[in-house]
Amino acid sequence: MTSLPRWVWLPAAVGAALVLVPLAGLAARVPWRGLGAVVTSPASVDALLLSLRTATASTVLCVVLGVPMALVLARASFRGVRLLRALVLVPLVLPPVVGGLALLYTFGRRGLVGRSLEVLGVQVAFSTTAVVLAQAFVALPFLVLSVEGALATAGQRYEAVAATLGARPTTVLLRVTLPLVLPGLASGAVLAFARSLGEFGATLTFAGSLQGVTRTLPLEVYLQREQDPDAAVALSLLLVAVAVVVVVATRGRRAAR
Amino acid sequence: MRAARALPALLAGALLLAGCGGSASGAPEQGLTVFAAASLEGAFTELGERFEAGHPGAEVSFSFAGSGDLVSQVAEGAPADVLATADTATMQRLADDGLAPEHPALFATNALTIVTAPGNPEGVTSFAELADPGLAVVVCAPQVPCGAAARAVQEVTGTALSPRSEETSVTDVLAKVASGEADAGLVYATDAAAAADRVAQVPLPEAAGVVNGYPVAVLPGAASPRLAQEFADLVAGPVGRQVLADAGFGPPPAP
């Protein structure tokens, strides 16, 4: 790699500080002495377990739906594919509260789809399903972007070769395309998981907040802050720790490979 | 090239305008920053306009949020002159740290009421019916003032609710009921009044014994304590009483 111009270091350092200094600010306020009691309280444990469960479910949902979406966007050619790509990425720029309202008017009891579900006796509102839906809504674009980028980088040469050798489309997909984009898929899944873990606005607007059912860790932090800011800081640290473990574990493994 | 030459001229013009703005407003302008509980938004906005009308040059700016939020912000050094919270316990957290006066004056009370979707489709008539497990009931979490009041009403009536959700703010409860996600909810009488047709109200006489007192305090760090005190006096005085009553607040308890 050619050497960087020296001036690049200054804005890069400022950028790093912008991310790291607030984390230090949070850490400076952590009530280390009462930490154990706060983090192991039933409400915190419920919130952490719910967050891990829902973020996992949402990541699985994102992979199952997002990989085919990325394939269509990267490989299919039809009119409007560019418009579709732009629309699919909308949740990236949407304030989460707006996403929550959109979900509410879709899956709520009087919503576009929710009305029919209500007739069938299925209620999404105030359920853990609502939390997973909210998380998948905001996390899906991260996965689609990652996988689509990997597909574009991988190109279609190997797929073409496999096809000329007589492999059927499904075989090409499973034996050639997917293995090629596996790293992109992995990092996309990590991003989706992390985004799901941090989801707050859409969940609050759409799913409600009840211990063990819909109150994920970010909602618990938000609630604790009302009465006991120290507890909120302690829980925030827990959230940061989980996020760091997830990101470092997966990044570290990829770097080692 | 032309654009490049125009840029300095534009900048100079902007600076000139900014300079004018600073000097044109005159000398005696005084800002007053009021932090008030979200439920006070309508009443305080009107009181702010009246205050400005009676104090030429004074400019009142408000920050409306949950009481817990406001108290945290003040504790972190937010520049507030006057603070009004939705219950005494939240204000007391500041007083404990010496950041607010002890025993501030109460200027209003607020009681809980039952709200349902418009037209009351489930036919709710009493608090006891809210315990029906088939009914989606939403309340505030006990950590916030409206949730503490909801818990107190349950204790007074001996009716335990199993809510579908415990929201962080009373506006979230109202939104869930107004959108039809919840069948019924417990909100302040003032919120029900402000929501007008978006919800139906069911009287909750049992809540009369469980009212939140709203304290108002001039904070020790106020930039102009005199102006701040005058605003607090307006809120607690006859004008404030009338405006607050129109918004659905009850009178403060007799001292």
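Note that the coordinates shown come from a computational prediction; the quantities given were computed from them, not determined experimentally.

Thresholds applied
Residues numbered from 1 in each chain as written. Chains lettered and ligands numbered in written order. Predicted model: local features only at pLDDT ≥ 70, side-chain atom pairs only at ≥ 80, totals over all residues. Heavy atoms only, no water. Helix = DSSP H or I, 4+ residues; strand = E, 2+ residues; numbered from the N terminus. Buried < 20%, exposed > 50% of the residue type's maximum accessible area, 1.4 Å probe, protein only. Contact = heavy atoms within 4.5 Å. Areas by Shrake-Rupley, 256 points an atom, 1.4 Å probe, with all protein chains shown as cover. Lys, Arg positive; Asp, Glu negative; His and termini not counted. Charge placed at Lys NZ, Arg CZ, Asp CG, Glu CD. Pairing = 2+ DSSP bridges. Axes fitted to C-alpha atoms, helices over the stretch in contact; angles between N-to-C directions. Polar contact = N/O pair within 3.5 Å; in protein donor to acceptor, adjacent residues only side chain to side chain. Right-handed = clockwise from strand over helix to strand, strands pointing away.

Counting its regular elements, chain A contains 13 helices and zero strands. Along the longest, intermediate and shortest principal axes, the C-alpha atoms of chain A span 65 × 65 × 30 Å. Across the 257 residues of chain A, 38% fall into the buried class. When contacts within chain A are restricted to residue pairs at least 6 apart in sequence, long-range pairs at least 24 apart make up 74% of them. Looking at chain A as shown, the accessible area adds up to about 14100 Å², and 70% of this sits on carbon and sulfur atoms. Both charge centroids of chain A, one from 21 positive and one from 9 negative side chains, sit 14 Å from each other.

With that out of the way, let us pick up the overall build of chain B. On a plain count of helices and strands, chain B comes out with nine helices and 10 strands. Within chain B, the fraction of its 255 residues that count as buried is 47%. In chain B, of all internal contacts separated by at least 6 residues, the share reaching a separation of at least 24 is 77%. As presented, chain B carries roughly 11600 Å² of accessible surface, and 58% of it is formed by carbon and sulfur atoms.

Residue and element names in this part refer to chain B. Looking at the element boundaries, Glu129 is found in the loop between β5 (112-116) and β6 (137-140). Taking the relative accessible area as the measure of exposure, Glu129 reaches 30% and is therefore partly exposed. Taking the C-alpha atoms as reference, Glu129 lies 44 Å from Ala78; in sequence the two are 51 residues apart. Each residue touching Glu129, except ones within four places of it in the same chain, is listed here: Gly123, Val124 and Leu135.

The next subject is the sheet that holds strand β8 (residues 184-188) of chain B. Residue and element names in this part refer to chain B. One open sheet holds the five strands; their spatial order is β7-β6-β8-β5-β9, and the pairing between them is mixed. Each end of this open sheet is capped by a strand with a single partner; those strands are β7 (165-167) and β9 (200-202). Here the strands of the sheet are splayed against their neighbours by 35° on average, with no regard to which way each runs. Bridge count between β5 and β9: three bridges; the pairing is antiparallel. Opposite Thr116, over in β9, you have Ala200 as the bridge partner. Across the sheet, helix α5 (residues 145-157) is in contact with β5, β6 and β8; its angle to β5 comes to roughly 95°.

Attention shifts here to the sheet that holds strand β3 (residues 82-84) of chain B. Residue and element names in this part refer to chain B. Reading across the sheet, the five strands line up as β2-β1-β3-β10-β4 and stay open at both edges, with mixed pairing between neighbours. Each edge of the open sheet is held by one strand with a lone partner, namely β2 (58-65) and β4 (105-110). Put simply, the sheet's adjacent strands are angled 20° from each other on average, direction ignored. The sheet contact formed by strand β1 (residues 30-37) and β3 spans three bridges and is parallel. Its bridge partner lying in β3, Val34 is registered against Val82. Packed on one face of the sheet, helix α4 (residues 88-96) meets β3, β4 and β10 (212-218) and runs near 30° to β10. Packing of helix α8 (residues 225-236) onto the sheet brings it into contact with β1, β2, β3, β4 and β10, and relative to β1 it is tilted by some 45°.

All names here are of chain A. Locating Gln135 in the fold gives a position in helix α8 (residues 128-154). A polar side-chain atom of Gln135 sits 3.3 Å from a polar atom in the side chain of Thr54. Those residues in contact with Gln135, other than ones at most four positions away along the chain, are Thr54, Ala55, Ser58, Ser196, Glu199 and Thr216.

The next subject is the pairing of β6 of chain B. All names here are of chain B. Neither face of β6 is open: one carries Val137 and Val139, the other Val138 and Cys140, and all of them are buried. Pairing of β6 with β8 involves two bridges; the strand directions are parallel. In the sheet register, Val137 faces β8, and the bridge partner there is Ala184. Relative to β7, β6 runs parallel, the two sharing three bridges. Paired with Cys140 across the two strands is Glu167, which belongs to β7. Assessed by its sense of winding, the connection that carries the chain from β6 through α5 to β7 is right-handed.

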